[in-house]
Amino acid sequence: MLIGMKVYYDVNSGNVIVITPEFAGVAVETTKEQDFKLYKALAEKVPEEVDFIQLEHGAYMFDRFEGGEIARVDLETLEPLFNYPVKEDEEPKPPTISLESQINALKQSLAESDARNEKLAEENTLNQIALMELHAMLLSTLPDEGNAK
């Protein structure tokens, strides 16, 4: 059985309280009530002020590989927001959407651009054909230069 991690967060701020580990193999998924008993950080909170998002097993693997840590949950989209390690010449950045989400958005944008480019190429071909037909029609109306003496 594959069980993804759960991200418990404060419903007012979106700040992460606890992230449960993911499991593969023989495992039993826990309930919110069981997690409140298992994790001290949750036990100290009022249950009505805490919610969680359940991630699929292996979700955001690329982000975690890059050192990203879930810092908050976007309260509008319920997507995790990540902090990434800061390089020496950079200033700290606020939590941002995952690299995985950014890549998926770029893939979607690229696919839409490709579709638009394909449509524009077809329109361009039709316009070129129309111009050639107009050119041929114009040439047919001009007097023949050999007979114009």
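Refer to the structure printed above.
Residues numbered from 1 in each chain as written. Predicted model: local features only at pLDDT ≥ 70, side-chain atom pairs only at ≥ 80, totals over all residues. Heavy atoms only, no water.

Pairing of strand β2 (residues 6–10) with strand β3 (residues 16–19), which is carried by three bridges, proceeds in the antiparallel orientation. Each bridged residue has a counterpart across the sheet, and for Val 7 the counterpart in β3 is Ile 19. Between β2 and β3, which follow one another and run antiparallel, lie five residues, and Gly 14 among them has a positive phi close to 85 degrees. (Pairing = 2+ DSSP bridges. Helix = DSSP H or I, 4+ residues; strand = E, 2+ residues; numbered from the N terminus.)

Looking now at the sheet that holds strand β8 (residues 96–97). The antiparallel open sheet is built from three strands, whose spatial order is β6-β7-β8. With one partner strand each, in any of the chains shown, β6 (69–73) and β8 form the two edges of the open sheet. Examined bridge by bridge, β6 and strand β7 (residues 80–83) share four bridges and lie antiparallel to one another. Bridging across to β7, Arg 72 finds its partner in Leu 81.

Moving on, we come to the layout of surface pockets. Estimated volume of the largest pocket: approximately 290 Å³. Lining of the largest pocket is provided by 15 residues; of these, Tyr 84, Pro 85, Val 86, Glu 90 and Lys 93 occupy positions nearest its centre. Looking at the lining of the largest pocket, its residues break down into eight nonpolar, two polar and five charged. (1 Å grid on protein atoms, 1.4 Å probe; cavity = no way out; pocket = protein on both sides within 12 Å on 5 of 7 lines; lining within 4 Å. Points joined across faces, edges and corners; volume = space filled by probe spheres on them. Nonpolar A, V, L, I, M, F, W, Y, C, P; charged D, E, K, R; others polar.)

Applying the stated rule across the entire model yields two salt bridges. For Glu 22, the salt bridge is made with Arg 64, and the minimal N-O distance between the two is 3.6 Å. On the criterion of sequence distance, the pair formed by Glu 22 in the loop between β3 and β4 (23–24) and Arg 64 in helix α3 (residues 61–65) is long-range, its members being 42 residues apart. For Glu 22, a relative accessible area of 22% gives the class partly exposed. On the accessibility criterion, Arg 64 (30% relative accessible area) is partly exposed. (Salt bridge = Lys/Arg side-chain N within 4 Å of Asp/Glu carboxyl O. Buried < 20%, exposed > 50% of the residue type's maximum accessible area, 1.4 Å probe, protein only.)

Our focus in this paragraph is the nonpolar core. In terms of nonpolar packing, the biggest core is built from ten residues, these being Met 5, Val 7, Tyr 9, Ile 53, Leu 55, Ala 59, Tyr 60, Ile 70, Val 73 and Phe 82. Secondary structure elements with two or more residues in this core: β2 and β6. Setting aside chain neighbours within four positions, we find Phe 82 in contact with Tyr 60, Asp 63, Gly 68, Glu 69, Ile 70, Ala 71, Pro 94, Pro 95, Thr 96 and Ser 98. Tyr 8, Val 18, Phe 36 and Leu 42 belong to the second largest nonpolar core, which has five residues in total. (Core = buried A, V, L, I, M, F, W, Y, C linked by side-chain atoms within 4.5 Å. Contact = heavy atoms within 4.5 Å.)

Strand order across the open sheet formed by three strands is β3-β2-β5, with antiparallel pairing between neighbours. The open sheet has two free edges, formed respectively by β3 and β5 (50–54), since each of these has just one partner strand. Across the sheet, the mean angle separating the axes of adjacent strands is 25 degrees when strand polarity is ignored. (Axes fitted to C-alpha atoms, helices over the stretch in contact; angles between N-to-C directions.)

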